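Here is how the chains run, residue by residue.
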Amino acid sequence: MKLPSKAAVVVAAVVLGTIVAPVGRAQVHRAAVATQRWDETRLRALFGSENRTIRTEQRVVALTFNAAWNDRGLDTVLAVLGRHKAPATFFLTGDFADRCPEAVRRITAAGYGLGNHSYSHPYFADLTASERASEVLTADRAIRAASGAVPLPFFRFPYGETTEQHIADVNDLGFADIEFTTDTNGYLGAAGGMTADKAVRRAVDALRPGAILQMHIGAPDGQGPVLDAEALPRIIEALESRGYRITDLRGLVSE
């Protein structure tokens, strides 16, 4: 695997509060995960892949939610998840964490895992290596500050756009790339031709052992209905009726 550029290493050191000096990949990795208690063998098994499904033959599915715009629909999502005792992982942008710390604290207090979705949700192809590192690590710092908790060593690329090199860069910072099997597309809203019924259908059509469903909280315009929140009860009921169990992504890196 290619070593990160010296510029990326410097950015990592600054963001993590370590001494700024040329260091090797292993040292950067240890710095990134120094306060995380994850099984490193399990974590490294996820490296080198975009991980769009869980590697299993069991009829399990993971629920994930991206948060970048605002916290509309969060109350409904948390209530539904709580009622069904369903685990979920929330991939937050650092900008969201900075603007909506109370929402992040509610997610954390409810016991859900937190993943990293970059700081400002840019197209990574338009960034330099050091800028990409800054997006990942600045988001990590913001999520930690808002939540008061240790986030998962999981990163999800903005727009789901990955490359082998970008995944390697993220791995070098101590994060596994966790993408998704399908997006319900609820975030498109009515203006994008979506309905809650269509979101449910997309989730059901994607069911397979180890499927990872991507949904969203918030509304791009800050006003429209959050279709994924509306669809969530039926999505959970549909997958359970088909013999699927909702699994916690934290199991990928912990006992």
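Residues numbered from 1 in each chain as written. Predicted model: local features only at pLDDT ≥ 70, side-chain atom pairs only at ≥ 80, totals over all residues. Heavy atoms only, no water.

A. Molecular detail of the nonpolar core. Within the largest apolar cluster, 47 residues are counted, with the highest numbers of intra-cluster contacts made by Leu63, Phe65, Leu81, Phe90, Leu92 and Leu232. Broken down by element, the residue count for this core peaks at eight residues, all from helix α10 (residues 227–241). In this structure, Leu81 is in contact with Leu63, Phe65, Ala86, Ala88, Phe90, Tyr112, Leu232 and Ile236, ignoring residues within four places of it in sequence. In terms of nonpolar packing, the next biggest core, distinct from the first, is built from 14 residues, Ile54, Ala62, Leu249 and Val253 among them. (Core = buried A, V, L, I, M, F, W, Y, C linked by side-chain atoms within 4.5 Å. Buried < 20%, exposed > 50% of the residue type's maximum accessible area, 1.4 Å probe, protein only. Helix = DSSP H or I, 4+ residues; strand = E, 2+ residues; numbered from the N terminus. Contact = heavy atoms within 4.5 Å.)

B. Representation of the pairing of strand β3 (residues 113–116) in the model. Burial along β3 is two-sided: Gly113 and Gly115 facing one way and Leu114 and Asn116 facing the other are all buried. By the bridge criterion, four bridges tie strand β2 (residues 89–92) to β3 in an arrangement that is parallel. Among the inter-strand pairings, Phe91 is bridged to a residue of β3, identified as Gly115. (Pairing = 2+ DSSP bridges.)

C. Main features of the packing of helix α4 (residues 74–84) against helix α6 (residues 101–109). As a packed pair, α4 and α6 sit with axes 11 Å apart at the nearest point and diverge in direction by 5 degrees. The pairing of α4 with α6 is recorded here as roughly parallel in orientation. Residues Leu74, Asp75 and Leu78 of α4 form the contact with α6, whose own contacting residues are Ala103, Arg106 and Ile107. Here the residues of the contact of α4 with α6 are counted per class, giving four nonpolar, no polar and two charged. (Axes fitted to C-alpha atoms, helices over the stretch in contact; angles between N-to-C directions. Parallel < 35°, antiparallel > 145°, perpendicular 65-115°, else oblique. Nonpolar A, V, L, I, M, F, W, Y, C, P; charged D, E, K, R; others polar.)

D. Summary view of helix α8 (residues 164–172). In terms of burial, α8 is largely enclosed, as seven of its nine residues are buried. When α8 is considered as a whole, its buried residues turn out to be His166, Ile167, Ala168, Asp169, Val170, Asn171 and Asp172. Just downstream of α8 lies Gly174, where phi reads positive at about 100 degrees.

E. Up close: the packing of aromatic side chains. One pass over the structure, following the stated rule, counts seven aromatic pairs. The interplanar angle of 20 degrees and the centroid separation of 5.2 Å between the aromatic rings of Phe65 and Phe90 together place this pair among those described as stacked. With Phe65 in strand β1 (residues 60–67) and Phe90 in strand β2, this pair connects stretches of sequence that are 25 residues apart. Given the relative accessible area of 0%, Phe65 is considered buried. (Phe/Tyr/Trp six-rings, centres within 6.5 Å; stacked < 30°, edge-to-face > 60°.)

F. Up close: the pattern of salt bridges. Applying the stated rule across the entire model yields 11 salt bridges. Here Arg44 makes a salt bridge to Glu40, at a shortest N to O gap of 3.1 Å. With Arg44 and Glu40 both in helix α3 (residues 40–45), this residue pair falls four residues apart, about one helical turn. Residue class for Arg44 comes out partly exposed when judged on its relative accessible area of 41%. A residue is classified by how much of its surface remains accessible, and Glu40, at 41% relative accessible area, is partly exposed. Linking Asp248 and Arg250 is a salt bridge whose minimum nitrogen-to-oxygen distance equals 2.9 Å. Classification of Asp248 as partly exposed rests on a relative accessible area of 24%. Residue class for Arg250 comes out partly exposed when judged on its relative accessible area of 23%. Where salt bridges share partners, they join Asp71, Asp75, Glu102 and Arg106 into one cluster. (Salt bridge = Lys/Arg side-chain N within 4 Å of Asp/Glu carboxyl O.)

G. Main features of the environment of Met215. Mapped onto the elements, Met215 comes out in strand β7 (residues 211–217). The class for Met215 is buried, based on a relative accessible area of 0%. Residues Met215 and Phe90 lie 125 residues apart in sequence; the distance between their C-alpha atoms is 9.4 Å. Setting aside residues no more than four positions away along its own chain, Met215 makes contact with Leu63, Thr64, Phe65, Asn66, Thr184, Asp228, Leu232 and Ile235.

H. Structural context of the side chain of Thr138. Mapped onto the elements of the fold, Thr138 is located in helix α7 (residues 129–147). For Thr138, the side chain forms a polar contact with the main-chain oxygen of Ser134, separated by 2.7 Å. (Polar contact = N/O pair within 3.5 Å; in protein donor to acceptor, adjacent residues only side chain to side chain.)

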